[in-house]
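Next come the chains, spelled out residue by residue.
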Protein chains: 2
Amino acid sequence: MPEKTIYNRLAVLRAERGLSRQDLASGLGVNYQTVGYLERGEYSPSLELAFRISDFFRLPIEAIFSREPFRPFSEALYPEETRNTQ
Amino acid sequence: MPEKTIYNRLAVLRAERGLSRQDLASGLGVNYQTVGYLERGEYSPSLELAFRISDFFRLPIEAIFSREPFRPFSEALYPEETRNTQ
DNA sequence: ACATTTTGTTGTACATGTACTATATTCCAT
DNA sequence: ATGGAATATAGTACATGTACAACAAAATGT
């Protein structure tokens, strides 16, 4: 594992779209194992691949990759304070 | 040289700030030769390094790196049509 | 319960990113 | 014109990203 981990939302983004790793891999033009490595954070992609991923999901790189762990989309969209407690 | 080139504005950004490659390299925590390689586009950085560069210049990755060649800042800021012709 | 698909693991191989050393060249100041 | 700084070039070495194959484990649908 690399010293400086980069977190990503690949698994979630992929799940939201109901894609298998193989699906995503084909869309990106990489081996399906590579998607696995990335999702598990075993290494971070090249900048080139990061751009392809960004294009694929139509999201800026910063929305997909970060040095800080991501908060769940759900949490970000429905903040703590606004949640129904019952 | 890598197949898929990624263009960047490193040289310009560095020039704007009056930094030597060594200065920038120290700021980024890389070898000064590495900055040279990047500026010349001989290879593109790891995503990790791209994030460090993004932090250093306080710009999004997309403002510094692109698959398409960049138009000069000057041109982008002062579009063709608005230029004085005399 | 079974078959199929999806995901994880291990191992090998190769390409690319980064560091480092050394030397050459270009660019400024003075 | 000389010297020092900045940049370019070349070579070696090592780390990390990516592909590929084989197999195990888990999840899913019927």
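Reference entry: report on the structure contained in this document.

**Examining the interface of chain A and chain B**
The accessible area lost on association of the parts is a frequent measure of interface size.
And then number 1: Residue-level contacts link 15 residues of chain A with 15 residues of chain B.
And then number 2: Summing the contributions of chain A and of chain B, the shared interface buries around 1,500 Å²; its carbon and sulfur component is 62%.
And then number 3: By the criterion of area lost to chain B, the three top residues of chain A are Leu47, Phe51 and Arg67 of chain A, representing 42% of everything that side buries.
And then number 4: There are four salt bridges connecting chain A and chain B.

**Here we look at the environment of leucine 59 of chain A**
Residues and elements named next belong to chain A.
And then number 1: The topology assignment puts leucine 59 in the loop between α4 (47-57) and α5 (61-64).
And then number 2: The class of leucine 59 is partly exposed, set by a relative accessible area of 26%.
And then number 3: Those residues within four positions of leucine 59 in sequence are excluded, and the remaining contacts are Leu13, Ser54 and Ile64.

**Some thoughts on the relation of the copies chain A and chain B**
And then number 1: After a rotation of 180 degrees and a shift along the axis of 0.0 Å, chain A superposes on chain B with an RMSD of 0.0 Å. Within this description, the copies of the chain are treated as partners about a two-fold rotation axis.

**Notes on the packing of helix α2 (residues 21-28) of chain B against helix α3 (residues 32-39) of chain B**
Residue and element names in this part refer to chain B.
And then number 1: Contact pair α2 / α3: the axes reach a minimum separation of 8 Å and the direction vectors enclose 105 degrees. Relative to α3, the element α2 lies roughly perpendicular. Between α2 and α3, the contacting residues are Arg21, Gln22, Leu24 and Ala25 on the first element and Tyr32, Val35, Gly36 and Glu39 on the second.
And then number 2: Taken together, the residues of the contact of α2 with α3 break down into four nonpolar, two polar and two charged.

**Quick look at the environment of serine 20 of chain A**
All names here are of chain A.
And then number 1: Within the element layout of this structure, serine 20 appears in the loop between α1 (10-16) and α2 (21-28).
And then number 2: For serine 20, a relative accessible area of 32% gives the class partly exposed.
And then number 3: Considered as a pair, serine 20 and tyrosine 32 are 12 residues apart in the sequence and their alpha carbons are 9.1 Å apart.

**Comments concerning the nonpolar core**
And then number 1: One finds Leu47, Ile53 and Phe65 of chain A together with Leu47, Ile53 and Phe65 of chain B to be the most contacted residues of the largest nonpolar core, which totals 36 residues.
And then number 2: The residues contacting phenylalanine 65 of chain A, other than those within four sequence positions of it, are Ile6, Tyr7, Asn8, Pro45, Ala50, Ile53 and Phe70 of chain A together with Leu47 and Phe51 of chain B.

The rules behind the values
Residues numbered from 1 in each chain as written. Chains lettered and ligands numbered in written order. Predicted model: local features only at pLDDT ≥ 70, side-chain atom pairs only at ≥ 80, totals over all residues. Heavy atoms only, no water. Contact = heavy atoms within 4.5 Å. Buried area = accessible area lost by both parts, 1.4 Å probe. Salt bridge = Lys/Arg side-chain N within 4 Å of Asp/Glu carboxyl O. Helix = DSSP H or I, 4+ residues; strand = E, 2+ residues; numbered from the N terminus. Buried < 20%, exposed > 50% of the residue type's maximum accessible area, 1.4 Å probe, protein only. Least-squares fit on C-alpha atoms with pLDDT ≥ 70 in both. Axes fitted to C-alpha atoms, helices over the stretch in contact; angles between N-to-C directions. Parallel < 35°, antiparallel > 145°, perpendicular 65-115°, else oblique. Nonpolar A, V, L, I, M, F, W, Y, C, P; charged D, E, K, R; others polar. Core = buried A, V, L, I, M, F, W, Y, C linked by side-chain atoms within 4.5 Å.

Any functional reading would require information beyond the geometric quantities listed.
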